[in-house]
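# Breakdown of the fold
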Amino acid sequence: MAGKRYAILIASSKYPDEPGLAPLRCPENDVDALNEILGSPDFGQFTETFVLKNAPSHEVQEKMETVLAAASKDDLVLIYFSGHGKQMDRSYQLCLTTANTRLSALATTSIPAATIKLLFDHSFAKSKILILDCCYSGAIEKAFKGGGVEEELKRMSNAEGTFIMTASTDFQVAVERPEDQLSLFTKHLVAGIRSGEADKNEDGLIDINELHSYVCEKVRQEGTQKPLEWHLRSNGDLILSRSGKDAKEKRRQELRAKLCGLAAQGYLSDRLLGELLKIASMSAQEMTARERECSLLIERLADGRMSLADFVESWLKTSFVPEKPPVLALPVWKIAAVLVVGAAWYFMPVSPVVPSPSEEARSELPAVASPYEKVTPEPPAVAPQKPPAEPAPKQHTIHVKPRQLPDLGKIRIPKPIALLPPVPSSSEKAEPLPEKPSQNASPQRGRTIGQYIDHGDGTITDTKTGLMWKRCAEGLSGVTCEEGKLENYKWDDAVKRFKDVEYAGYSYWRLPTIDELKTLVYCSKGKKKDSHHCNEGSEQPTINQQAFPNTEATQFWSGSPYAGYSIGAWYVNFYNGYSLIYDRDYPYAVRLVRGGQ
C-alpha cells in the first residue's frame, strides 16, 4: 500500500538579531517554486507541504519533529532548506541558520545537523530525503560520527531509502546570481523536474539519483560549485516526482481520439487525418517550428476553440505554404473550393496557369477552346459595313477533354461552428463579464478605479507604481475590451513584436518585467500565508476586473527570461495569481506597459 508524501520547505533570508549574517534574496522564491512543483498533481503529487519562511529555530525543529514522528513506515518525508549554512568554530559541524540565529550561540539559536540526524533516527518513515541549499552544506557528513555518512546511515533505524543531497561541499559557498530569481542549485532542481530533462531513462518518473545527476551536471557548467549526495538504495530508488511525460502522452491520446471522431463524422479525409495524427503523436523535441504551429492548431480544433473553417484556412497557411514562392500558380477557383469543402481538396492535382500573351503575340496565336465548349475569336469592336471580299480564314480548334469537376451541390459542407462542446478550463471566469456597452457609450476620462486612473483612451495608470498599462490584452479592444479575440504569442515572438510600440499617442510600449506584471495580481480573499497563491474563493481572474475588463483567467507572459532554463521565461497565471517559468514556445497572452509619467 502506497504511503503519504510530506515535504517541509524552509526558507531563511532575514536575520534581524545578527548583523553578521547578510540578508539573502532567493530563499523565499526557492521554496515557492519547489512548493509549486511538489504539490502539483502533474509532478510531485505530495500529500501535504509545510512552508516555513524566516521562522525561529524552535518553530522549525518542532515542525520537523511533529511530521517525522507522525509518519508511518510507508510514508516519504522530504526536508528542504535554503539559507545560510554556518560551521561551529571547533567541531565544524554544520548549522542551518534561522531568523533568531546569533553567531555567538549557534548551538541554541540555529538547527544543528546533529539535531536533524536525531529526528531521523526516531522516525518510522523508511523513505527520507534531506536537501540542503546553503553554504558548506557538504559538512552535513560530520553530523554522522564514526565512519563516513554511508556507514552511519546503515545504523539508523528504518533507514531504507534515506537520501541526502547538498548544494556544495563542506568548504564551498552556495551561489545565488544577481540575474536569477532562484539560487543556482535550486533553479536547476526545479528546471530538471518541470522540463522533464532529469528523467534520463524516460520512464515518466524522476528518482532522486536522476535528479542529482542532472543538477550536478548543470551546476558544474556554471562554475566550481559541486553538489554532493549520500544515500542507500537497498530497496530501490526513491521517486521524487513525475516528469510530466506520461501526462503529455495522455494528452496525445486524447487528441488522437478526438481527431478520429471528427473523421468518423465526415469532416476530415483519410489522408488529412493521417497527417494530423502524425503530428499529434510527435513529441515537442521531434517537431520542427512549423510542426509545433500545426500542433497548436490541432489542439484548438480538438478542444472546440476553433471552427473547422478557421482551422482549414490556418492549416493551409501554416502547414502547406512552401518556404519559397511556388513555380506553378494555384487557380483562384481552386483555393475557394478548398476552403469551402475542407482540407481534402488540398490533395487534388493542380494545373499551371499559362501567362496571358501580349497584344502583338495574341493575334498570331490560334484560338483555344475551353474545357466545355468551342470558342471562336471575338469580333472586332466595330462591325464592318460590308462583308469581307475574301472568305474568313479557317478557324483552328483545339479539343481538350473536360476536367471532371465535382458537383458542389452534392457535397456536404460543414457549418463553421465549434465541432465539439467547449471544455471547461482554467481560463473560464468565475464571475460574468460586464454587459456590452451601447454604441454611444464612451469611457470616463480621469475616473479613479481603486489605485488606478482611467485616462479614457484605452490606457490606465497605477498610482502606486507609476506604470501606465493598456486596459485590454493584445487582440482585444473597446470600452470594456469586448471586441476582438484574445491573441496568444510565443515568448520570443512577443519580445520582438512588442518593442517600442506606439499606442494612444504614447510610445515605448513593451512587455512588462515579471516584477511589474506581478503588481497587477489582486486576490479578493487575500494570499496564502506560505505562498503567492490567492486564497480559495478569490474572484477569478485574480486582477482588478473593473480596471482591466474582460481579462481571462490564464497565463500572461512577462518580458523576463529565465537564465537557469535556456528555453524558459517568467509568466503570471491570473487564474490563481501565481508566477513561475515555462517553455518559451508555448503561446500565452500579453498585456503591454510603459514607464510612468
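Basis of the calculations
Residues numbered from 1 in each chain as written. Predicted model: local features only at pLDDT ≥ 70, side-chain atom pairs only at ≥ 80, totals over all residues. Heavy atoms only, no water. Helix = DSSP H or I, 4+ residues; strand = E, 2+ residues; numbered from the N terminus. Expected span 1.5 Å × (residues − 1). Contact = heavy atoms within 4.5 Å. Polar contact = N/O pair within 3.5 Å; in protein donor to acceptor, adjacent residues only side chain to side chain. Phe/Tyr/Trp six-rings, centres within 6.5 Å; stacked < 30°, edge-to-face > 60°. Buried < 20%, exposed > 50% of the residue type's maximum accessible area, 1.4 Å probe, protein only. Lys NZ or Arg CZ within 6 Å of the ring centre and 35° of its normal. Core = buried A, V, L, I, M, F, W, Y, C linked by side-chain atoms within 4.5 Å. Pairing = 2+ DSSP bridges. Axes fitted to C-alpha atoms, helices over the stretch in contact; angles between N-to-C directions. Parallel < 35°, antiparallel > 145°, perpendicular 65-115°, else oblique. Left-handed = near helix turned anticlockwise from the far one by under 90°. Salt bridge = Lys/Arg side-chain N within 4 Å of Asp/Glu carboxyl O. pLDDT = per-residue confidence, 0-100. Disulfide = S-S within 2.5 Å.

Let us now look at helix 7 (residues 208-221). The end-to-end C-alpha separation of helix 7 is 20 Å, in line with the 20 Å expected for 14 residues at 1.5 Å each. On its buried face, helix 7 sits against strand 7 (127-133), strand 8 (162-166), helix 6 (184-195), strand 9 (205-207), strand 10 (228-231) and strand 11 (239-242). Put simply, aspartate 207 is the residue that caps the front of helix 7, since its side-chain oxygen is 2.9 Å from the backbone nitrogen of asparagine 209.

This next bit is on the packing of aromatic side chains. What the rule picks out here adds up to 8 aromatic pairs. Their ring planes at 80° and their centres at 5.9 Å tell us that tyrosine 503 and tryptophan 509 sit as a pair that is edge-to-face. For tryptophan 509, a relative accessible area of 0% corresponds to the buried category. Three or more aromatic residues joined by ring pairs make a cluster, and in this case those are Trp557, Tyr571, Tyr586 and Tyr588. When the ring centre of phenylalanine 120 is taken as reference, the NZ or CZ atom of lysine 128 above it lies at 6.0 Å.

Moving on: the nonpolar core. Leu9, Leu78, Ile129, Leu189 and Leu240 are the most contacted members of the largest nonpolar core, which totals 70 residues. Of all the elements, helix 6 adds the most residues to this core, at 6 residues. Excluding its chain neighbours within four sequence positions, the residues that come into contact with leucine 78 are Tyr6, Ala7, Ile8, Leu9, Leu38, Phe46, Ile129, Ile131 and Leu240. Formed by 27 residues, the second largest nonpolar core is a distinct cluster that contains Tyr6, Val60, Ala71 and Phe120.

We now examine the sheet that holds strand 21 (residues 568-573). The strand order across the open sheet built from 3 strands is 20-21-22, with neighbouring strands paired in antiparallel fashion. At either margin of the open sheet sits one strand with a lone partner, and together these are strand 20 (555-561) and strand 22 (578-583). Within the sheet, the average angular offset between the axes of one strand and its neighbour, ignoring direction, is 35°. Across 6 bridges, strand 21 lies against strand 22 in antiparallel orientation. Across the sheet, the residue bridging to valine 572 is serine 579, located in strand 22.

This part is about the packing of helix 2 (residues 57-70) against helix 4 (residues 113-121). With their axes 9 Å apart at the nearest point, helix 2 and helix 4 run at an angle of 20° to one another. The orientation of helix 2 with respect to helix 4, classified from their angle, is roughly parallel. Here helix 2 runs over helix 4; the crossing is right-handed. For the pair helix 2 and helix 4, contact is made by Gln61, Met64, Glu65 and Leu68 and by Thr115, Ile116, Leu119 and Phe120, respectively.

Before going further, it helps to spend a moment on the pattern of salt bridges. This model, assessed by the stated rule, comprises 11 salt bridges. A salt bridge links aspartate 32 to lysine 53; the nearest nitrogen and oxygen atoms lie 3.0 Å apart. Taken together, the residues span a long stretch of sequence, with aspartate 32 in helix 1 (residues 27-38) and lysine 53 in strand 2 (residues 48-53) at a distance of 21 residues. Between glutamate 474 and lysine 470 there is a salt bridge; the shortest N-O distance is 2.9 Å. Within the structure, one salt-bridge network assembled from shared partners comprises Arg177, Asp180, Lys187 and Glu222.

For the rest of this paragraph, the subject is the environment of lysine 496. Relative to the elements of secondary structure, lysine 496 occurs in helix 14 (residues 491-497). Judged by relative accessible area, lysine 496 falls into the exposed class, the value being 68%. Distance in space between the C-alpha atoms of lysine 496 and leucine 511 is 9.9 Å, their sequence separation being 15 residues.

What follows covers unusual backbone geometry. The omega angle of the peptide bond from glutamine 540 to proline 541 is 0°, so this bond is cis rather than trans. Positioned with a positive phi, glutamine 45 is a non-glycine residue whose angle comes to about 55°. Mapped onto the fold, glutamine 45 is located in the loop between helix 1 and strand 2. Its identity as a non-glycine residue notwithstanding, asparagine 550 has a phi of 60°, on the positive side.

A word on the confidence of the model for the protein. Overall, the predicted model of the protein reaches an average pLDDT of 76, with 69% of residues at or above 70. Of the regions scoring below 50 in pLDDT, residues 349-356 engages in 13 contacts with residues more than four places distant in sequence or in other chains. Predicted confidence for residues 405-443 stays below pLDDT 50, and this span has 56 contacts to residues more than four positions away or in other chains.

Topologically, glutamate 222 is positioned in the loop between helix 7 and strand 10. Residues glutamate 222 and leucine 184 lie 38 residues apart in sequence; the distance between their C-alpha atoms is 8.5 Å. Excluding residues within four positions of it along the chain, glutamate 222 makes contact with Arg177, Leu184, Lys187 and His188. A polar atom in the side chain of glutamate 222 sits 3.4 Å from the side chain of lysine 187.

Turning to the sheet that holds strand 6 (residues 111-112), a few remarks are in order. Within a sheet, neighbouring strands are paired by backbone hydrogen bonds and run either parallel or antiparallel to one another. The antiparallel open sheet is built from 3 strands, whose spatial order is 4-5-6. Two strands bound the open sheet, and with one partner strand each, they are strand 4 (85-87) and strand 6. In this sheet, strand 5 (residues 94-96) lies alongside strand 4 in antiparallel orientation, the contact comprising 3 bridges. Bridged to glutamine 87 within strand 5 is leucine 94.

The subject of this paragraph is the state of the cysteines. Inspection of the entire model under this criterion finds 2 disulfides. For cysteine 472, the disulfide goes to cysteine 481, at an S-S distance of 2.0 Å. Its S-S torsion of about -90° marks the bond between cysteine 472 and cysteine 481 as left-handed, since a negative value means left-handed. Cysteine 472 gets classed as buried once you look at its relative accessible area, which sits at 10%. Owing to a relative accessible area of 1%, cysteine 481 belongs among the buried residues under this scheme. Here cysteine 523 is linked by a disulfide to cysteine 534, with a sulfur-sulfur distance of 1.9 Å. Looking along the S-S bond of the cysteine 523-cysteine 534 disulfide, the torsion reads about -60°, which is the left-handed sense. Pair noted here: cysteine 523 is in the loop between helix 15 (514-518) and strand 20 and cysteine 534 is in the loop between helix 15 and strand 20, with a separation of 11 residues, a long-range link. Going through the protein in sequence order and numbering each bonded cysteine, the pairs you get are 1-2, 3-4.

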